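# Fold and contact review
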There are 2 protein chains.
Amino acid sequence: MSKQITLAHGNGGGAMQALISGVFVSAFDNPLLATGEDQARLALSELNALGDRLAFTTDSYVVDPLFFPGGDIGKLAVCGTANDLAVSGATPRWLSCGFILEEGLALETLEAVVRSMADTARGAGIQIITGDTKVVPRGAVDKLFINTAGLGVIPATVEWGVTAIRPGDSILVSGTLGDHGATILNLRENLGMEADLSSDCAVLAPLIAPLRDIAGIRTLRDATRGGVTAILHEFARGSGCGMTVDEAALPVKTTVRGICELLGLDALNFANEGKLLLVVEAAAEQQVLQALRRHPLGRDAAVIGRVTDDKQVRLRGLYGVSRILDLPHDEPLPRIC
Amino acid sequence: MSKQITLAHGNGGGAMQALISGVFVSAFDNPLLATGEDQARLALSELNALGDRLAFTTDSYVVDPLFFPGGDIGKLAVCGTANDLAVSGATPRWLSCGFILEEGLALETLEAVVRSMADTARGAGIQIITGDTKVVPRGAVDKLFINTAGLGVIPATVEWGVTAIRPGDSILVSGTLGDHGATILNLRENLGMEADLSSDCAVLAPLIAPLRDIAGIRTLRDATRGGVTAILHEFARGSGCGMTVDEAALPVKTTVRGICELLGLDALNFANEGKLLLVVEAAAEQQVLQALRRHPLGRDAAVIGRVTDDKQVRLRGLYGVSRILDLPHDEPLPRIC
């Protein structure tokens, strides 16, 4: 096999078969992997044993650079889609993956990304069971993009969703805000703050699983693109309620805070790749907080605010004055995920 | 909304929400569409009523140009993934879609593609129920790529697969070969043969559905990238059998044959986007042929060869001499699908 990706690696012929078996199948190896057929096949009996609803989601990953402290595009492509399943209460189990590769990409770059996907999936009990590879001529794509779609099953006892939110509910986050966004920003803008900065990219399913046994959970969501601000707006739009968060309660690492002050940006708008925003009944607040803190991924969990009945998303500042928290309309940092 | 796609359309904020509701949700509108949540949710009871196995597949679409006679990237993104489900015997029912858009793309281009996806899906009884949009800066992608992943359920009575193939079985195609590949080649190389040339891009599920009631079907596959040659090799590899096809029996349109002769290429290697290659028990050959011909998508169906026990893929020429049909190793036409 050549040391670079060529157009022949995407043409359905011998070079593509060699790439599939030599790189993808050997890394993703599992009994369900669709190697001989055009589709993976899952016994519904296995799904029925896990719950009563199938969760299905997709995301494309275009992050630049491909590798960053704490992760890479492959790890992100597993975590991001797994988390979009897990926040429904489903255990993420099966992924598809579609690669779009630029002619001339170093084969070892692809191999490193695929290894990272395989390791992340295996560590989370997820199988990558069907896939596709396209190669496009130089210049038609920047290096390497990945799409994953994911499947999981929601237990019959879990009924989480944005419409369950009520005024008086508590708003929690599972840890420090903006780590992923600040890490990418630091790399891309050459800010030089290497020391303490690392993406929080992680599969959140093990943090979420114990929450399925707690009554009073309204909804949860991972705060990726657009950060906590975007999710607060999604919660407000979906529930018809308002959201007020307290600036003083927001967990933000010192380095991330420094980057924000340097550039005049707000960590609330920064992307996270391993943080939950949760809305829970006020009576369940402490039980949820303790459950989150028991897991390493949730040790910095905090109550950050409360659901209101005024339909607005507000940030209450350090001196008690609250202001409207608008959705940003421009794009400070493309290709964050 | 601006007339061009901007980076803000991908940032998780207000412009992205406007794009999602104004373009995607209004076109794909259906009760399952994941608008308020990060994942679509399907009742397993509904799946159980359709069969006993879930089929799951994915493909990315990077075709150039975006619009061509007979279709466009949106129609292709529905047909291609639907067909990869349908060849398992499943009825394709649910799709995810992930868009990667280039900053500066004309909004009306995106709208036309999305409309075409929606029309194709609706016509085939398919719902697009979850999606994702990324926007990347100018030059990081060429205009517009789409990924779709698909779900369908395989009836308990259907057990099609490549390992069922046996020596003596008949090989059939559902219609003329190479129409899609020749159409794209004609456009890209400015060959000027406009008259009779059109992509065969179609959802094949209605052609396949009646075959589920016929005994003796071994396996079917849609012959896309790499054409019939690539599928014959997949069948040979998966079954351990040989495949011999007769040159005289191959249905090829006159215009496509002309392009092949002009460029010294072989229609057997050209991509199709609406053609099946089938292997069936010899005793079922005529029944399958009649079933295919009863549907407009199969009116040019033909028996083209036979499965052998010599493990080789062969083409028997017009004078009875057979030669090995190799998988092409280079790439004559990137971005065909």
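Residues numbered from 1 in each chain as written. Chains lettered and ligands numbered in written order. Predicted model: local features only at pLDDT ≥ 70, side-chain atom pairs only at ≥ 80, totals over all residues. Heavy atoms only, no water.

In the nomenclature of an unreviewed UniProt entry, chain A is known as Hydrogenase maturation carbamoyl dehydratase HypE of Sodalis ligni.

Interfaces are often sized by the amount of accessible area the parts lose when they come together. Residues and elements named next belong to chain A. The domains assigned to chain A are domain 1 (7-154) and domain 2 (162-324). When each unit is reduced to the centre of its C-alpha atoms, the spacing between domain 1 and domain 2 is 28 Å. Contact with domain 2 buries surface across domain 1, with Pro 69, Asn 83 and Val 87 losing the most and accounting together for 33% of the total. One can count zero salt bridges joining domain 1 with domain 2. On inspection of domain 1 and its partner domain 2, the count reaches seven residue pairs in polar contact (both at pLDDT 80 or more). Per-element tally for the side of domain 1 that touches domain 2: the top contributor is helix α3 (residues 73-86), with eight residues. Within the side of domain 1 that touches domain 2, the residues separate by chemical class into 13 nonpolar, six polar and three charged. (Domains from an automatic or database assignment. Buried area = accessible area lost by both parts, 1.4 Å probe. Salt bridge = Lys/Arg side-chain N within 4 Å of Asp/Glu carboxyl O. Polar contact = N/O pair within 3.5 Å; in protein donor to acceptor, adjacent residues only side chain to side chain. Helix = DSSP H or I, 4+ residues; strand = E, 2+ residues; numbered from the N terminus. Nonpolar A, V, L, I, M, F, W, Y, C, P; charged D, E, K, R; others polar.)

Right, let's talk about the pairing of strand β1 (residues 40-43) of chain B for a bit. Only one face of β1(B) is buried, namely the one carrying Ala40(B) and Leu42(B), since none of Arg41(B) and Ala43(B) on the opposite face is buried. For strand β2 (residues 53-61) of chain A and β1(B), the ladder comprises four bridges, and the chain directions are antiparallel. In the strand pairing of β1(B), Phe56(A) is matched with Ala40(B). (Buried < 20%, exposed > 50% of the residue type's maximum accessible area, 1.4 Å probe, protein only. Pairing = 2+ DSSP bridges.)

At an RMSD of 0.0 Å, chain A and chain B line up after a rotation of 180° and a shift of 0.0 Å along the axis. Taken together, these values place the two copies in the relation of a two-fold axis. No C-alpha of chain A approaches the rotation axis more nearly than that of Val141(A), which lies at 2.1 Å. Taken as a fraction of all interface residues of chain A, those also at the interface in chain B reach 100%, which identifies the copy contact as same-surface. (Least-squares fit on C-alpha atoms with pLDDT ≥ 70 in both. Contact = heavy atoms within 4.5 Å.)

Residues and elements named next belong to chain B. Burial along strand β8 (residues 170-173) is two-sided: the residues Ser 170 and Leu 172 and Ile 171 and Val 173 are all buried. With four bridges joining them, β8 and strand β11 (residues 276-280) adopt antiparallel strand pairing. Looking at the pairing, Leu 172 lines up with Leu 278 of β11. Pairing analysis gives four bridges linking β8 to strand β12 (residues 302-308), with the strands arranged antiparallel. Opposite Ser 170, over in β12, you have Arg 306 as the bridge partner.

This brings us to the interface of chain A and chain B. Opposite the 78 residues of chain A that make contact, chain B presents 78 residues. On the chain A side of the contact with chain B, Leu44(A), Phe56(A) and Arg225(A) bury the most area, a combined 13% of that side's loss. Between chain A and chain B we count six salt bridges in total. With its nearest N and O atoms 2.8 Å apart, the salt bridge here joins Arg225(B) to Asp132(A).

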